[in-house]
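What follows is each chain in one-letter form.
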Amino acid sequence: MQETVGNEGLSTAQVRFLTEFASSLVWNKPDLEILKPDLECNELVKILQDMMQKSDRRGRLILPNLAAHGNETVAIFSDYAGESSGDFHTYSFLTCGYNTCGSFIRKMKEIRAGWHLGDKEIAFKDFSMGQMQRALPDYLSAADMLVHGFLLTIVIDKKLLTVFGANEKKTRADLSKTLHAAGLGTWKPESAEKLLRVVHTVSFLVALLARSGQKVFWMSDNDTICANEALHRHALDLFQRAVEHYAPGRHLPVFGGGAPFKDSSLGITDLLSLADITASSVEHYLTRKNASDTVDFEVKAGSHSVLQWLAHDGLSLSKMTLIVRPGAEGGIETANLEFKLTDEPENVTAIPVVI
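The structure contained in this document is the topic of the report that follows. (Residues numbered from 1 in each chain as written. Predicted model: local features only at pLDDT ≥ 70, side-chain atom pairs only at ≥ 80, totals over all residues. Heavy atoms only, no water.)

1. What to know about the overall build of the chain
Phase 1 of the analysis: A tally of helices and strands in the chain yields nine helices and nine strands.
Phase 2 of the analysis: Compactness check: the chain gives a C-alpha radius of gyration of 20 Å against a globular reference of 20 Å for 355 residues, within 12% of the reference.
Phase 3 of the analysis: When the backbone C-alpha atoms are referred to their principal axes, the chain occupies close to 60 × 50 × 45 Å.
Phase 4 of the analysis: Counting all 355 residues of the chain, 50% fall into the buried class.
Phase 5 of the analysis: With the model as given, the accessible surface of the chain reaches about 16,500 Å², and the carbon-plus-sulfur share is 50%.
Phase 6 of the analysis: Within the chain, the 44 negative side-chain charges are centred at a point lying 2 Å from the centre of the 36 positive side-chain charges. (Helix = DSSP H or I, 4+ residues; strand = E, 2+ residues; numbered from the N terminus. Rg over C-alpha atoms; globule rule 2.2 N^0.38 Å. Buried < 20%, exposed > 50% of the residue type's maximum accessible area, 1.4 Å probe, protein only. Areas by Shrake-Rupley, 256 points an atom, 1.4 Å probe, with all protein chains shown as cover. Lys, Arg positive; Asp, Glu negative; His and termini not counted. Charge placed at Lys NZ, Arg CZ, Asp CG, Glu CD.)

2. Comments concerning the pairing of strand β4 (residues 149-157)
Phase 1 of the analysis: For β4, a buried count of nine out of nine residues is recorded, marking the element as mostly surrounded by other parts of the structure.
Phase 2 of the analysis: Burial along β4 is two-sided: Gly 149, Leu 151, Thr 153, Val 155 and Asp 157 facing one way and Phe 150, Leu 152, Ile 154 and Ile 156 facing the other are all buried.
Phase 3 of the analysis: The pairing of strand β3 (residues 88-97) with β4 spans nine bridges and is antiparallel. Each residue of the ladder has a partner; that of His 89, found in β4, is Ile 156.
Phase 4 of the analysis: Sheet topology note: the β4/strand β7 (residues 317-326) ladder contains eight bridges and is parallel. Within β7, the position partnered with Gly 149 by the bridge is Leu 317. (Pairing = 2+ DSSP bridges.)

3. Comments concerning the packing of aromatic side chains
Phase 1 of the analysis: Here the structure, examined in full by the defined rule, presents seven aromatic pairs.
Phase 2 of the analysis: Ring centres 5.2 Å apart and planes at 65 degrees place the aromatic pair Trp 218 and Phe 239 in the edge-to-face group. You can see Trp 218 sitting in strand β5 (residues 215-220) and its partner Phe 239 sitting in helix α7 (residues 229-246), a full 21 residues away along the chain. An identical accessibility class is assigned to Trp 218 and Phe 239; each is buried.
Phase 3 of the analysis: An aromatic cluster is built from Trp 218, Phe 239 and Phe 255, whose rings are joined through pairwise contacts.
Phase 4 of the analysis: Above the plane of the ring of Trp 27 lies Arg 211, whose end atom (NZ or CZ) is 5.1 Å from the centre. (Phe/Tyr/Trp six-rings, centres within 6.5 Å; stacked < 30°, edge-to-face > 60°. Lys NZ or Arg CZ within 6 Å of the ring centre and 35° of its normal.)

4. Thoughts on the pattern of salt bridges
Phase 1 of the analysis: Enumeration according to the criterion identifies 15 salt bridges in this entry.
Phase 2 of the analysis: Arg 172 serves as the salt-bridge partner of Glu 190, at 3.9 Å between the closest nitrogen and oxygen. With Glu 190 in helix α6 (residues 189-209) and Arg 172 in helix α5 (residues 169-181), this pair connects stretches of sequence that are 18 residues apart.
Phase 3 of the analysis: What makes Glu 190 partly exposed here is its relative accessible area of 46%.
Phase 4 of the analysis: With a relative accessible area of 13%, Arg 172 lands in the buried category.
Phase 5 of the analysis: Here Arg 241 and Asp 237 are joined by a salt bridge, their closest N and O atoms 3.2 Å apart. (Salt bridge = Lys/Arg side-chain N within 4 Å of Asp/Glu carboxyl O.)

5. Details of the pairing of strand β8 (residues 332-336)
Phase 1 of the analysis: One ladder, built from five bridges, connects β7 with β8; its direction is antiparallel. Across the sheet, Arg 325 pairs through a bridge with Glu 333, a residue of β8.
Phase 2 of the analysis: Following β7, the chain reverses through five residues before pairing antiparallel with β8; Gly 330 in that reversal takes a positive phi of roughly 90 degrees.

6. Focus: the side chain of Ser 220
Phase 1 of the analysis: Positionally, Ser 220 belongs in strand β5.
Phase 2 of the analysis: In this structure the side chain of Ser 220 is engaged in a polar contact, spanning 2.7 Å, whose partner is the side chain of Tyr 80.
Phase 3 of the analysis: Beyond its immediate stretch of four places on either side in the chain, Ser 220 contacts Ser 78, Tyr 80, Ile 225, Cys 226, Gly 258, Ala 259 and Pro 260. (Polar contact = N/O pair within 3.5 Å; in protein donor to acceptor, adjacent residues only side chain to side chain. Contact = heavy atoms within 4.5 Å.)

7. Comments concerning α7
Phase 1 of the analysis: When the terminal C-alpha atoms of α7 are compared, their 26 Å separation across 18 residues agrees well with the 26 Å that a helix rising 1.5 Å per residue should span.
Phase 2 of the analysis: Of the residues making up α7, those classed as buried are Leu 231, His 232, Ala 235, Leu 236, Leu 238, Phe 239, Ala 242, Val 243 and Tyr 246. Projected down its long axis, α7 carries its buried residues within an arc of 160 degrees, all on one side. Every exposed residue of α7 that faces more than 90 degrees away from the buried side is listed here: Glu 229 and Arg 233.
Phase 3 of the analysis: The inward-facing, buried residues of α7 contact α2 (43-57), α5, α6, β5 and β6 (255-258).
Phase 4 of the analysis: Where α7 begins, the capping side chain belongs to Asn 228, and its oxygen is found 3.1 Å from the backbone nitrogen of Ala 230. (Expected span 1.5 Å × (residues − 1). Arc of directions from axis to C-beta.)

8. Remarks on the nonpolar core
Phase 1 of the analysis: Among the nonpolar cores identified, the biggest contains 61 residues, and Met 52, Phe 93, Leu 152, Leu 208, Trp 218 and Phe 239 are the most heavily contacted of them.
Phase 2 of the analysis: Broken down by element, the residue count for this core peaks at 12 residues, all from α6.
Phase 3 of the analysis: Listed in part, the 38 residues of the second largest apolar core include Phe 127, Tyr 139, Leu 140 and Leu 307. (Core = buried A, V, L, I, M, F, W, Y, C linked by side-chain atoms within 4.5 Å.)

9. Quick notes on the packing of helix α3 (residues 102-114) against helix α4 (residues 130-146)
Phase 1 of the analysis: Running from N to C, α3 and α4 point in directions that differ by 165 degrees, and their axes come no closer than 10 Å. Classified by the angle their axes make, α3 and α4 are roughly antiparallel. Handedness of the α3/α4 crossing: right-handed. Seen from α3, the contacting residues are Ser 103, Phe 104, Lys 107, Met 108 and Ile 111; seen from α4, they are Ala 135, Asp 138, Tyr 139, Ala 142, Ala 143 and Leu 146.
Phase 2 of the analysis: Here the contact of α3 with α4 is built from residues that sort into eight nonpolar, one polar and two charged. (Axes fitted to C-alpha atoms, helices over the stretch in contact; angles between N-to-C directions. Parallel < 35°, antiparallel > 145°, perpendicular 65-115°, else oblique. Left-handed = near helix turned anticlockwise from the far one by under 90°. Nonpolar A, V, L, I, M, F, W, Y, C, P; charged D, E, K, R; others polar.)

This is the structure:
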């Protein structure tokens, strides 16, 4: 497996150092059997495990060892797109070693100062800003080099009303009733579906990547599943129950979550923004692709940088994008969504990593 870094005349010694460093961050021979045969599971997490196992067999899956370099906290930052428009719902989840993010946070202070971003959040909705477009390549490069983690994006076609049963509105209504009966709050059917999609994915990632003894923290974008404190508490309650279901006996001494708040640190905001711009750029691209009669179509300025970034793994950040859609003969069809560059850049060095 190869990961890429920008090539600025790297010496043999530098390439050797980067190779050793990248290898120290990778989880060798990962255990991908999270869902034991006797474990009751929904279709979504079955899809996640199956797609990861297939990717692993092809030699395409790179997962981080989030216990490397003394990391104590596994943090998950999630954001979503497609709720108000478009043909797809997209869900992006950055799972990273939070204690190893210091270098990224320091680098982002330099990037923000250099491009005059101040405390402006890096967000897809603001890609029209010139300085944000100009800052994006540096921001994404810093994430590739300095964020030790795994960025998973799940695309679900809106023709699939639910991934938790029969593809009909009644299923979502039943999910809402089930949550209420379990003491997990009152949710509209559409919100119940989204809550379960998000929480089960985050819980699966924790079961996959967090080790006993590590702290766990989940930050979700402010939206329908964090619309108020009561609903957010219910979401966190469901999160804890789901993690205990997928990772029984796993000792996680500190287990919590939050939503963005007014005075949150820019470091946390910049990590969450990686999920925001990924979810929105992928949804935007696929919706535009559906509407186009040709392979040559334009995307929103800035989003092209994100899509190019998704075409490769970074030195410390790996990426995976899945699409879930109706099958040609009913049921659900899944596939890896791989972005490829039309012209391979010349200024990169491939770093070999044994997995």
